[in-house]
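# Per-entry structural report
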Amino acid sequence: MPLTTTRELFAKALKGKYAIGAFNVNNMELLQAIVEACEEEKAPVILQISKGARQYANPVYLKKLIEAAVSLTNIPIAVHLDHGDSFELCKDAIDEGFTSVMIDASYEPFDKNVEICRRVVEYAHKHNCVVEGELGHLVGAQFDEGEAGGGHSKSGHYTDPEEAVKFVKLSGVDSLAVAIGNSHGAYKFKGAQRLDLERLKAIKQALMDAGLGDYPLVLHGASSVPRDIVEEINKFGGKLGTDTSGVPEADIEIARRLGCCKVNIDTDLRLAFTAGIRKVFAENPKEFDPRKYLGPARAKVKELVRHKVRNVLCCAGHAFD
Ligand code: G3H
Ligand code: 13P
Ligand code: ZN
């Protein structure tokens, strides 16, 4: 089955009020875990590739691995460039056949962000590719305070509803990544801090009122940093901080009902993979066959993806809508 256009996945997800998981792919084991879980759960999926993933694995390896996955399954699969930071990188991904690209110029002033997005949109739309832009600043990776993170979200970084309307109209982007307190990585929130779901509702409403319809919103930094997995990592020799947390699954459920039809998850996959590897090494320090530690790590990621698509994103069972 060929790749599925991201546009088609969004339309179905918005109608069904579920979200598509956009899972980051960096190597074969992660890809297999994601696709196998989604296939067994009959879930559509977005495989997303960052600039770092391309540097790590080489774009050609990633392309061929994804081709293999696509040929071995019949679930809808879209391929997305995660956090493209230049027109040139987006163009490369579009030329390679990605079904969507993110141009992340959110670090630029509003007008410059619009201008950069507009340029990518013009090229992408000629090639049947969907474009995601971002307005507002995520805390965390973009304002990284590492383990000390959390509690440092400044309202000035959040997406403003009226600016979102202006941004979408001027840039022509097909979907919008919003900043509502979400953040990348394993150290997001401290204490009772959560997503600003009222703001999300206001953004959605403003887009609707402006005639942009049921406009697709994207939630980055949506890992929940499961406490049990962090504890497992630490039990087997890791030293991850335990006084911060990720996005509560209950918030993601509300976000998807409010129109976040693409939910980005990377950190949770990394945590699951690390826990799987650490367990093998801790229990059998003599092990040196990569298959014996990458295999269990892959199984752990698969279990996590299954949980996400079934219980959090609720896209399980929607592959053939
Ligand atoms: O949001 C960023 C993703 O988690 C990708 O991370 O740039 O380290 O591949 P990366
Ligand atoms: P997490 O770090 O929360 O997994 O977010 C991933 C992401 O937003 C990729 O773009
Ligand atoms: Zn992101």
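Check the entry above for the structure.
The following paragraphs examine the structure supplied in this document. (Residues numbered from 1 in each chain as written. Chains lettered and ligands numbered in written order. Predicted model: local features only at pLDDT ≥ 70, side-chain atom pairs only at ≥ 80, totals over all residues. Heavy atoms only, no water.)

## Some points on the coordination of the zinc ion (ligand 3)
Donor atoms from the polypeptide that coordinate the zinc ion (ligand 3) comprise H83 (NE2), H184 (NE2) and H220 (ND1), at 2.1 Å from the metal. As a motif over one chain, the donors of the zinc ion (ligand 3) read H-x100-H-x35-H. Taken together, the residues span a long stretch of sequence, with H184 in the loop between β6 (175-178) and α8 (197-212) and H220 in the loop between β7 (217-219) and α9 (227-235) at a distance of 36 residues. One exposure class covers both H184 and H220, and it is buried. (Donors = N, O, S within 2.8 Å, 3.2 Å for Na, K, Ca; no water. Helix = DSSP H or I, 4+ residues; strand = E, 2+ residues; numbered from the N terminus. Buried < 20%, exposed > 50% of the residue type's maximum accessible area, 1.4 Å probe, protein only.)

## Some words on the site of ligand 2
The environment of ligand 2 is made up of 16 residues, and the closest members are K188, G221, S223, D266 and T267. Contacts to ligand 2 include K188, whose side-chain N or O atom sits 2.6 Å from an oxygen atom. Counting residues per element, the ones that place at least two in the shell around ligand 2 are β3 (77-84) and β8 (260-265). Along the lines of polarity and charge, the residues of the shell around ligand 2 split into two nonpolar, eleven polar and three charged. (Near = heavy atom within 4 Å. Polar contact = N/O pair within 3.5 Å; in protein donor to acceptor, adjacent residues only side chain to side chain. Nonpolar A, V, L, I, M, F, W, Y, C, P; charged D, E, K, R; others polar.)

## Topic: the packing of aromatic side chains
Inspection of the entire model under this criterion finds three aromatic pairs. On the basis of an interplanar angle of 70° and a centroid distance of 6.0 Å, the ring pair of F110 and F167 is categorised as edge-to-face. One end of the pair, F110, is in helix α6 (residues 110-126); the other, F167, is in helix α7 (residues 161-171), and 57 residues separate them in sequence. The burial state of F110 is the same as that of F167; both residues are buried. Ring centres of F281 and Y293 lie 4.6 Å apart, and the angle between their planes is 50°; this geometry places the pair in the tilted category. Taken together, the positions of F281 in helix α11 (residues 267-283) and Y293 in helix α12 (residues 290-312) put the pair twelve residues apart, joining distant regions of the chain. Residue class for F281 comes out partly exposed when judged on its relative accessible area of 34%. In this structure Y293 comes out as buried when scored by relative accessible area, which is 17%. (Phe/Tyr/Trp six-rings, centres within 6.5 Å; stacked < 30°, edge-to-face > 60°.)

## What to know about the state of the cysteines
Covalent bonding between the sulfur atoms of two cysteines defines a disulfide. The full count for this structure, using the stated rule, is zero disulfides. C90 supplies the cysteine sulfur nearest to C117, a cysteine that is in no disulfide, at a spacing of 8.6 Å. C314 forms no disulfide, and the closest cysteine sulfur to it belongs to C315, at a distance of 7.9 Å. Its relative accessible area of 25% is what places C314 among the partly exposed residues. (Disulfide = S-S within 2.5 Å.)

## Focus on the site of ligand 1
Lining the immediate surroundings of ligand 1 are N24, S50, D82, H83, H184, D266 and R270. Between ligand 1 and the protein, one listed contact pairs an oxygen atom with a side-chain N or O atom of H83 at 3.3 Å. Separating an oxygen atom of ligand 1 from a side-chain N or O atom of D266 is a distance of 2.6 Å. Burial of ligand 1 by the surrounding chains reaches 66%, relative to a free accessible area of 300 Å². Its atoms largely coinciding with the cavity grid, ligand 1 occupies the largest pocket. (Areas by Shrake-Rupley, 256 points an atom, 1.4 Å probe, with all protein chains shown as cover. 1 Å grid on protein atoms, 1.4 Å probe; cavity = no way out; pocket = protein on both sides within 12 Å on 5 of 7 lines; lining within 4 Å. Sits in = over half its atoms within 2 Å of the grid points.)

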